[in-house]
Each structure stands twice: as structure tokens, then as C-alpha cells.
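As a plain string of letters, each chain reads:
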Amino acid sequence: MSKLPLKDIQGNQQGEYDLREDLLVFDKGTQAVHDVVVAMRAKARSGSASTKTRAEVAGSGSKPWRQKGLGRARSGTKQSPIWRGGGVAFGPKPRSYEKRLPKKVARLAFRRAFSEKVASGEVLVLSDLSLSEPKTKQLNDILKRLGLTGKTLLLVESIDANLKLAARNLAEIEIKHAKDLNTYDLLRYSNIIVVKSGMESIEMRLGAHSGS
């Protein structure tokens, strides 16, 4: 069993959370993590850059000047890419940057990234988390008592209104449902806090991955 620190919102040690060793993987998956992060960042691109071709630029269809006799280079249209105000040759058009990855690669990447977080001691389990008021100070005090600094991801089974409002003014804190945790999240945040009730969702995903 791998042992994860288990604390309450006062920062007091409540024992340890046992995580099955067979859910973690360290001997493979480094390339999978890289591929998944590249794919996720590529998918996030809007792909909306667009330029006009010579066929789309407004302008007359007549020749600027006659073909011969002027000593000038021949030209057939003012929409030519070599003219100022003309179309763009080989310019960008709206496109999708999405990359397809096998499901097994995505599963392995998640499992490896989570394993590395556990091994580095950056995963903390909270016995429970509830705020009496939607106060940023309450949540900030909890984080201070836990001794956490830097970017922190807080994973819960369900997000209540008080918690959502309390976290929105903390720039380095993000709250997500535990079931929505992904590989990129695990790399972006220095600290991962999981409320105990949300660990079940993560273990189910790790268990499904381990059989792939």
C-alpha cells in the first residue's frame, strides 16, 4: 500500500490514506504523458486564424495595364499576392489542431502522472471540507494550516456554493470535481488536495486504467 497523508481542515494529522500499490505505475508512461499534454494543448487552440486568398480579396477583374509595350512586368490582377492589398499566398485558414490518441495511451498517461505526484509527496487527502460561509479568508486559512504554497488544485466530489465563492478570489487555487481530473492538471499544479469522498472516483479511474 502507498500511504497518503490524511488531514482535517485544522491541519491535524488524521492518520494515512491507503492507496493500493497496483494502481500506480512507474516503469512506463513517460512518453504517453508527453503525448497527452501535447494533444490537450493542441485541442485547446481555437484554430480561428484566417487570411483572404486572391479569390476572396475585393477588387476589379480588369488588367492593371496592357500586357506589352510599357516596359513593365506583366500583371493580370490587382488581387495578386505580390501586390499590396492583394490576397495572401498559403496563409492560414480556420482549422482544427486536434490530435487523436489511443485510449490506452491516455489512460496510461493519467496513471503515470498521478503516480509521480504520489511519489513526490504532492498529494494530500482531506478528511472533509465544508465552509460555514462563502468567505475567502476561511478557505485561505485552511490552506495556511495545511502548510501549502504555490498553485493548488482542490478536488472534491461535489462543489457547493460556499466553496465556489470562497475560492474565486484566490488566484493560485482551482476547484474541480475529482472525476474531471486529467493528466495536464497533474502537471500544472504543485499541490493536489483531494477530499476523501473524491478519492473513490480517482481510484476507480486508476483501477480501470490498470487493466488496460
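All of these numbers come straight from a predicted model, not from anything done at the bench. (Residues numbered from 1 in each chain as written. Predicted model: local features only at pLDDT ≥ 70, side-chain atom pairs only at ≥ 80, totals over all residues. Heavy atoms only, no water.)

*Asks:* Could you give me a rundown of the overall build of the protein chain, with the residues and numbers involved?
*Replies:* Within the protein chain, the secondary structure is distributed over six helices and six strands. Counted from the first residue to the last, the protein chain has its helices and strands arranged as β-β-α-α-β-α-β-α-β-α-β-α. For the protein chain, the C-alpha radius of gyration of 27 Å lies well beyond 17 Å, the compact-globule estimate for 212 residues. Summarising its shape, the C-alpha atoms of the protein chain cover approximately 95 × 40 × 25 Å along the three principal directions. Residue burial in the protein chain is summarised as follows: out of 212 residues, 36% are buried. If you take every contact in the protein chain between residues at least 6 apart in sequence, the share linking residues at least 24 apart comes to 68%. Entry remark: accessible area of the protein chain is about 12,800 Å², with carbon and sulfur atoms responsible for 49%. Each charge sign in the protein chain was given a centre, from 38 positive and 22 negative side chains, and these centres are 20 Å apart. (Helix = DSSP H or I, 4+ residues; strand = E, 2+ residues; numbered from the N terminus. Rg over C-alpha atoms; globule rule 2.2 N^0.38 Å. Buried < 20%, exposed > 50% of the residue type's maximum accessible area, 1.4 Å probe, protein only. Contact = heavy atoms within 4.5 Å. Areas by Shrake-Rupley, 256 points an atom, 1.4 Å probe, with all protein chains shown as cover. Lys, Arg positive; Asp, Glu negative; His and termini not counted. Charge placed at Lys NZ, Arg CZ, Asp CG, Glu CD.)

*Asks:* Lay out the environment of Ile175 with the relevant residues and their values.
*Replies:* Along the chain, the position of Ile175 falls in strand β5 (residues 173-177). Each C-alpha atom, one on Ile175 and one on Lys135, is 15 Å from the other, the two residues being 40 residues apart in sequence. Ignoring any residue separated from it by four or fewer positions in sequence, one finds Ile175 in contact with Leu154, Val156, Ile159, Leu163 and Ala167.

*Asks:* Explain helix α1 (residues 30-43) to me, using residue names and the numbers behind them.
*Replies:* The first and last C-alpha atoms of α1 sit 20 Å apart over 14 residues, in line with the 20 Å expected at 1.5 Å per residue. All of the buried residues along α1 are Ala32, Val33, Val36, Val37, Ala39 and Ala42. In this structure, the buried residues of α1 make contact with α2 (103-119) and α5 (183-188). (Expected span 1.5 Å × (residues − 1).)

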